[in-house]
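A structural walkthrough
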Amino acid sequence: MLKMNNKAYRIKKGISENPKNSIFNKLGYNFNALQGGYISKDLSTIIITHRGKGHSIVTLYSANQQKRFKKHIQILKENNLLE
């Protein structure tokens, strides 16, 4: 079950969301069609890309994984993927 936190980050527009050729796959995230996006291997972070229209967002996936979530946010910032 998806657990949301109060802080969500937005992915820049124009980033490929195609599960077959995605920057998120290259960074180690796995596409999960049931969740509508990419989930980190440590289950701390979800990048929601396929739920309706609008911006893709990055948010905490498991409530007790905040330190790992911050690490993922830093990696996404370093790769210039966040607005």
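Residues numbered from 1 in each chain as written. Predicted model: local features only at pLDDT ≥ 70, side-chain atom pairs only at ≥ 80, totals over all residues. Heavy atoms only, no water.

Two elements, strand S1 (residues 9-10) and strand S5 (residues 57-60), share two bridges in a ladder whose sense is antiparallel. Looking across to S5, one finds that Tyr9 is bridged to Val58. Pairing of strand S4 (residues 45-48) with S5, which is carried by four bridges, proceeds in the antiparallel orientation. Its bridge partner lying in S5, Ile46 is registered against Thr59. (Pairing = 2+ DSSP bridges. Helix = DSSP H or I, 4+ residues; strand = E, 2+ residues; numbered from the N terminus.)

Let's shift gears to the environment of Ile73. Examined against the element boundaries, Ile73 turns out to sit in helix H2 (residues 66-78). The contact partners of Ile73, leaving out residues within four places of it in the chain, are Tyr9, Val58 and Leu82. (Contact = heavy atoms within 4.5 Å.)

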